[in-house]
Amino acid sequence: VDAREVLLRGFELELRRSPPAFVLRDAGGLFNELTTIRGTRAEDLADFPFTKALGISSYPYLAYADPGEIPPDYYSRIKGASGLPVIVTEGGWTSADLGKIVSSPAKQATYFAAHSALLDSVQATGYFQLLFADLDLAAFPAPQPASLPVFAALGLTNADFVPKPALAQWDA
């Protein structure tokens, strides 16, 4: 099973169980596909009028082969005319190959450099990097969720805390 399919199925289930209050999940450009399950952003904002910011969860490596392919309006199309501040609540770019997804530590570093410009384009007020270090999959008990490897190599260091090129971009 392709990593993109695993995540799309997971997001479908999540959205059916509990519609997002302020976090718009955009698993690598899948936002348009996901909105057909729940509705439009306008409906979400009408359902939650107290929303003060748009939190975005995004993993563009699931839709784009290279960080340079991420469109310049990647976040602004989600922000739309809402006027709300943007916060990236989680996301990143893997540094490992995942079946059909071909990546590397260099691609991950390129993503962090490009991501800074994307955040600036919407005057993002926050960005959270969930994983400082890659996950050590051998340390997780079986059975492991099918989606776990998809997120295992998002860290700025490897599992032994050896810096990857992305750390220098993060620090820049």
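Residues numbered from 1 in each chain as written. Predicted model: local features only at pLDDT ≥ 70, side-chain atom pairs only at ≥ 80, totals over all residues. Heavy atoms only, no water.

Chemist: Would you take a moment to explain the confidence of the model for the chain for this structure?
Modeler: Parts of the model with low pLDDT should not have their predicted coordinates read in detail. Averaged over every residue, the pLDDT of the chain is 77; the share at 70 or more is 76%. Contacts from residues 6-40, a stretch scored under 50 in pLDDT, to residues over four places away or in other chains number 75 contacts. (pLDDT = per-residue confidence, 0-100. Contact = heavy atoms within 4.5 Å.)

Chemist: How should I be thinking about the nonpolar core in this particular structure?
Modeler: Generally speaking, a soluble globular protein has its nonpolar side chains buried in company with each other. Judged by nonpolar contacts, the single largest core of 26 residues is most densely connected at Tyr 61, Ile 70, Tyr 75 and Tyr 111. The leading source of residues in this core is helix H5 (residues 105-121), at four residues. (Core = buried A, V, L, I, M, F, W, Y, C linked by side-chain atoms within 4.5 Å. Buried < 20%, exposed > 50% of the residue type's maximum accessible area, 1.4 Å probe, protein only. Helix = DSSP H or I, 4+ residues; strand = E, 2+ residues; numbered from the N terminus.)

Chemist: Mind showing me how you'd approach the pattern of salt bridges here?
Modeler: Any two side chains of opposite charge can pair, on the condition that their charged atoms come close. Applying the stated criterion across every chain, the model contains one salt bridge. Salt-bridge contacts for Asp 134 lead to Lys 164; the nearest nitrogen and oxygen are separated by 2.8 Å. Taken as a pair, Asp 134 in the loop between strand E4 (126-127) and helix H6 (148-151) and Lys 164 in the loop between H6 and helix H7 (165-171) lie far apart in primary sequence, 30 residues in all. (Salt bridge = Lys/Arg side-chain N within 4 Å of Asp/Glu carboxyl O.)

Chemist: Honestly, the environment of Phe 112 in this entry has me stumped. Any pointers?
Modeler: As for its position among the elements, Phe 112 is in helix H5. Overall, Phe 112 belongs to the buried group, its relative accessible area being 6%. The sequence separation of Phe 112 and Gln 169 amounts to 57 residues, and the corresponding C-alpha distance is 6.0 Å. Filtering out sequence-adjacent residues up to four positions away, Phe 112 remains in contact with Tyr 127, Gln 129, Leu 156, Ala 166, Gln 169 and Trp 170.

Chemist: Quick question: what am I supposed to make of unusual backbone geometry here?
Modeler: Of all residues except glycine, most have a negative phi; of all peptide bonds, most are trans. The residue after Ala 142, namely Pro 143, is reached through a cis peptide bond having omega -5°. Positionally, Pro 143 belongs in the loop between E4 and H6. A positive phi is found at Gln 123, a non-glycine position, where the angle reads about 50°. With respect to the secondary-structure elements, Gln 123 resides in the loop between H5 and E4. Classification of Gln 123 as exposed rests on a relative accessible area of 55%.

Chemist: Help me understand the environment of Leu 118, please; the structure alone is not making it clear to me.
Modeler: By the element assignment, Leu 118 lies in helix H5. Separated by 44 residues in sequence, Leu 118 and Tyr 74 place their C-alpha atoms 7.2 Å apart. With residues near it in sequence (within four places) discarded, Leu 118 still touches Ile 70, Pro 71, Pro 72, Tyr 74 and Tyr 75.

Chemist: For this particular structure, what's the right way to read the pairing of strand E3 (residues 86-91)?
Modeler: For a regular strand, side-chain orientation follows a simple rule: the groups alternate between the two sheet faces. As paired strands, strand E2 (residues 54-58) and E3 are joined by five bridges and run parallel to one another. Residue pairing in the sheet places Gly 55 in a bridge with Ile 87 of E3. Here E3 runs beside E4; their pairing, made up of two bridges, is parallel. For Val 88, the partnering residue across the bridge sits in E4 and is Tyr 127. For the crossover that starts at E3, traverses H5 and ends in the parallel E4, the hand is right-handed. (Pairing = 2+ DSSP bridges. Right-handed = clockwise from strand over helix to strand, strands pointing away.)

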